[in-house]
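A look at the structure
These are the residues of each chain, in order.
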Amino acid sequence: KELLKIENLSAGVEGKEILKNINLKVNYGEVHVVMGPNGSGKSTLANVIMNNPEYEVTSGEIYLDGESIMDLSTDKRAKKGLFMSFQNPMEVSGISVENFIRTAKSSIEDKNISILKFKKDLEKEMDKLSMDHSYASRYLNEGFSGGEMKKNEILQMLMLNPKLAILDETDSGLDVDATKIVSQGIERFLSKDNAVIIITHHRELVREVVPDFVHIILNGEIVKVGDHTLIDKIENEGFNWIREEVN
Ligand code: ADP
Ligand code: MG
Ligand code: MG
């Protein structure tokens, strides 16, 4: 069953075209990986799916569960089940991790959430991510190491339980153990009722989950789609062989 469909999507920023005619279909239960050189448009794609107002869609459509979401703000898209973890998460002073996630969850689910039950669930998830409980009361991302920020993004995903999670280089800056923990978190998250799009340069993040499709973006275009074996090939050989194929 189809969760996300992107049709002939072009988008840019300040009149500069970044994404060109993107087509992408994600079914429930699937894992999609997006790879591409720096500056190829991967984060832009994630931001456009979330409707970050910095980016302007010049043509195309995005459907979620068969309905166009083009007119929906970022907040409304989150309510419909979209989640994005940021390549460079924001620091939010004065708001604790616990409050931030609980507020987001109650806004998405449109209901009050029991503080005690939430805390218990949060701590359970933190244990699985090898995060000290004290992080729950720290200000969001303030003074967090790169690895702590990334784990925190996965914690948010697990607690908010979206239909589609887009993870933008959630492995960058992680050591081997933390990468494994994050990869296991993705595996715990996945079910037949959701899907993930993982933007990454490394195979390690998808060790615990087998991607169904790997999409290669060059200069804002998806130029190749393959299976998980593409990841190893790119880690070993880079993108030049694909550039040659395209030209
Ligand atoms: P990737 O995530 O693949 O490294 P990005 O999507 O971040 O690539 O960037 C694609 C291109 O668009 C780059 O040339 C980048 O400089 C440009 N770009 C992205 N976001 C902005 C922005 N907010 N303002 C100006 N240029 C941007
Ligand atoms: Mg990026
Ligand atoms: Mg990126």
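The name an unreviewed UniProt entry assigns to the protein chain is Fe-S cluster assembly ATPase SufC, from the organism Anaerosphaera multitolerans.

The next point concerns the site of ligand 1. Close to ligand 1 lie Val13, Ile18, Gly36, Asn38, Gly39, Ser40, Gly41, Lys42, Ser43, Thr44 and Glu54, which account for all nearby residues. Among the elements that line the shell around ligand 1, the one with the most residues is helix H1 (residues 42-50), at 3 residues. Here the residues of the shell around ligand 1 are counted per class, giving 2 nonpolar, 7 polar and 2 charged.

Axis angle and axis distance: for two packed helices, these are the angle between their axes and the distance between the axes, and together they describe the pair. The contact between helix H5 (residues 146-160) and helix H6 (residues 176-189) brings their axes to 10 Å, and the two run at 10°. Viewed along their axes, H5 and H6 adopt a mutual orientation that is roughly parallel. Within the contact between the two elements, H5 uses Gly147, Lys150, Lys151, Ile154, Met157 and Leu158 and H6 uses Ala178, Ile181, Val182, Gly185, Arg188 and Phe189. Looking at the contact of H5 with H6 residue by residue, the classes come out as 7 nonpolar, 2 polar and 3 charged.

This part takes up the sheet that holds strand S11 (residues 213-218). By way of backbone hydrogen bonds, the strands of a sheet pair with one another, either parallel or antiparallel. The mixed open sheet is built from 6 strands, whose spatial order is S6-S9-S10-S3-S11-S12. In this open sheet, the two strands that pair with only one neighbour each are strand S6 (82-85) and strand S12 (221-226). Adjacent strand axes in the sheet meet at a mean angle of 20° when their direction is disregarded. Of the pairings in the sheet, the one linking strand S9 (residues 164-168) to strand S10 (residues 195-199) comprises 5 bridges and is parallel in character. Paired with Asp168 across the two strands is Ile199, which belongs to S10. Together, strand S3 (31-35), S11 and S12 form the strand contacts of helix H7 (residues 229-237), whose direction differs from that of S3 by roughly 20°.

Attention now goes to the environment of Met157. Secondary-structure assignment places Met157 in helix H5. A sequence separation of 76 residues divides Met157 from Lys233, and the C-alpha atoms of the two residues are 29 Å apart.

With that out of the way, let us pick up H1. H1 sits mainly inside the fold: 8 of its 9 residues count as buried. Those residues of H1 lying buried are Lys42, Ser43, Thr44, Leu45, Ala46, Asn47, Val48 and Ile49. Where H1 ends, the next residue or the one after it, Asn51, has phi of about 65°, a positive value.

Turning our attention to the nonpolar core. Taken as a class, soluble globular proteins show a tendency for nonpolar side chains to be buried jointly. Judged by nonpolar contacts, the single largest core of 55 residues is most densely connected at Leu164, Ile166, Val196 and Ile198. Broken down by element, the residue count for this core peaks at 5 residues, all from S10. Every residue in contact with Ile166, bar those within four places of it in the chain, is listed here: Ala46, Ile49, Phe83, Met84 and Ile197.

One open sheet accounts for 4 strands, arranged S2-S1-S4-S5; its pairing is antiparallel. Bordering the open sheet on either side are strand S2 (16-27) and strand S5 (67-68), each of which pairs with just one other strand. Of the strand pairs in this sheet, strand S1 (residues 2-13) and S2 are connected by 8 bridges, and their pairing is antiparallel. Bridge pairing in S2 places Lys5 opposite Lys25.

With that settled, the discussion passes to unusual backbone geometry. Among all residues except glycine, the phi angle is most often negative; among peptide bonds, the trans geometry is most common. Unusually for a residue other than glycine, Asn8 sits at a positive phi of about 45°. The residue Asn8 is located in strand S1 in this model. Its 11 C-beta neighbours within 10 Å are what place Asn8 among the exposed residues. Here Ser130, not a glycine, exhibits a phi torsion of approximately 55°, which is positive. Assignment of secondary structure puts Ser130 in the loop between helix H4 (115-128) and strand S8 (139-140). Classification of Ser130 as exposed rests on a count of 12 C-beta atoms within 10 Å.

Here is what the cut-offs are and how they apply
- Residues numbered from 1 in each chain as written.
- Chains lettered and ligands numbered in written order.
- Predicted model: local features only at pLDDT ≥ 70, side-chain atom pairs only at ≥ 80, totals over all residues.
- Near = placed C-beta within 6 Å.
- Helix = DSSP H or I, 4+ residues; strand = E, 2+ residues; numbered from the N terminus.
- Nonpolar A, V, L, I, M, F, W, Y, C, P; charged D, E, K, R; others polar.
- Axes fitted to C-alpha atoms, helices over the stretch in contact; angles between N-to-C directions.
- Parallel < 35°, antiparallel > 145°, perpendicular 65-115°, else oblique.
- Contact = placed C-beta atoms within 7 Å.
- Pairing = 2+ DSSP bridges.
- Buried ≥ 20, exposed ≤ 12 C-beta atoms within 10 Å, placed from the backbone.
- Core = buried A, V, L, I, M, F, W, Y, C linked by C-beta atoms within 7 Å.

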